[in-house]
Amino acid sequence: MKKVILYLVSTVLAAFGLLTLFLSTSVIFDLFGIRAKEGNYVLFVVWSNFISSFLYLIAVYGLLASKNWTYKTLGLSAALLTATFVGFLFYIQSGGIHEAKTVGAMVFRIALTLTFALFAYFTINKRK
């Protein structure tokens, strides 16, 4: 049962990482008309998501291979996203044009990343 949960979480993390990679790449490089559909996106937030997508995919390997650094990788992603969110809040305060949904999306992404980091920390430490 523990293996099933590990594979399920790894699959969700991989899917989240791949989806994030696809969407952020599509906005950055204007692929598939997604940039126009995103409205008033904030480029530094998109770049932060892009970098985090690679950290998620690296963490999938670490999770499956029980590497101690996995939770650190996810923690780095959470720190990057949190710093970006703080910058984003300053951007909003200074009157920057943005989509309101970005605030909720950033909070969700940070919370989910921290949840994955905690899962990795407790799962890998119990197995060793």
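Here is a short report on the structure shown in this document.

Thresholds, definitions, all that
- Residues numbered from 1 in each chain as written.
- Predicted model: local features only at pLDDT ≥ 70, side-chain atom pairs only at ≥ 80, totals over all residues.
- Heavy atoms only, no water.
- Helix = DSSP H or I, 4+ residues; strand = E, 2+ residues; numbered from the N terminus.
- Buried < 20%, exposed > 50% of the residue type's maximum accessible area, 1.4 Å probe, protein only.
- Core = buried A, V, L, I, M, F, W, Y, C linked by side-chain atoms within 4.5 Å.
- Contact = heavy atoms within 4.5 Å.
- 1 Å grid on protein atoms, 1.4 Å probe; cavity = no way out; pocket = protein on both sides within 12 Å on 5 of 7 lines; lining within 4 Å.
- Points joined across faces, edges and corners; volume = space filled by probe spheres on them.
- Nonpolar A, V, L, I, M, F, W, Y, C, P; charged D, E, K, R; others polar.
- Phe/Tyr/Trp six-rings, centres within 6.5 Å; stacked < 30°, edge-to-face > 60°.

Here we take up the overall build of the chain. For the chain, the count of helices and strands is five helices and zero strands. Overall, the chain shows an N-to-C arrangement of helices and strands of α-α-α-α-α. Summarising its shape, the C-alpha atoms of the chain cover approximately 50 × 30 × 20 Å along the three principal directions. Relative to its 128 residues, the chain shows a buried fraction of 39%.

What follows deals with the nonpolar core. Within soluble globular proteins, side chains that are nonpolar tend to cluster in buried spots. In this structure, Leu-13, Tyr-56, Leu-63 and Leu-74 are the most contacted members of the largest nonpolar core, which totals 21 residues. Within the residue set of this core, elements represented by two or more residues are α1 (2-28), α3 (43-64), α4 (70-93) and α5 (101-127). Examining the composition of this core, we find that six residues originate from one element, α5, more than from any other. Ignoring anything within four residues of it in the chain, the contact list for Leu-74 reads Leu-13, Tyr-56, Ala-59, Thr-113, Phe-116, Ala-117 and Ala-120.

Here we come to the layout of surface pockets. Each pocket or cavity is described by its volume, and for the largest pocket that value is around 470 Å³. Every residue lining the largest pocket is counted, 19 residues in all, and those nearest its centre are Leu-23, Glu-38, Asn-49, Ala-105 and Arg-109. Residue assignment for the lining of the largest pocket shows that the elements contributing at least two residues are α1, α3 and α5. Broken down by class, the residue content of the lining of the largest pocket amounts to 11 nonpolar, four polar and four charged.

The next point concerns the environment of Thr-102. If you trace the backbone, Thr-102 turns up in helix α5. Separated by 17 residues in the primary sequence, Thr-102 and Phe-85 have C-alpha atoms spaced 9.5 Å apart.

On to the packing of aromatic side chains. What the rule picks out here adds up to nine aromatic pairs. Ring geometry for Phe-16 versus Tyr-56: centroids 5.3 Å apart, planes at 45°, classification tilted. Here Phe-16 is found in helix α1, whereas its partner Tyr-56 is found in helix α3, with 40 residues between them in sequence. Judged by relative accessible area, Tyr-56 falls into the buried class, the value being 0%. Note on Phe-44 and Tyr-91: the rings are 6.0 Å apart at their centroids and 80° apart in plane angle, and the pair reads as edge-to-face. Taken together, the residues Phe-44 in helix α3 and Tyr-91 in helix α4 connect sequence positions 47 residues apart. By relative accessible area, Phe-44 is classed as partly exposed at 36%. These aromatic residues form a ring-pair network of at least three members: Phe-44, Phe-88 and Tyr-91.

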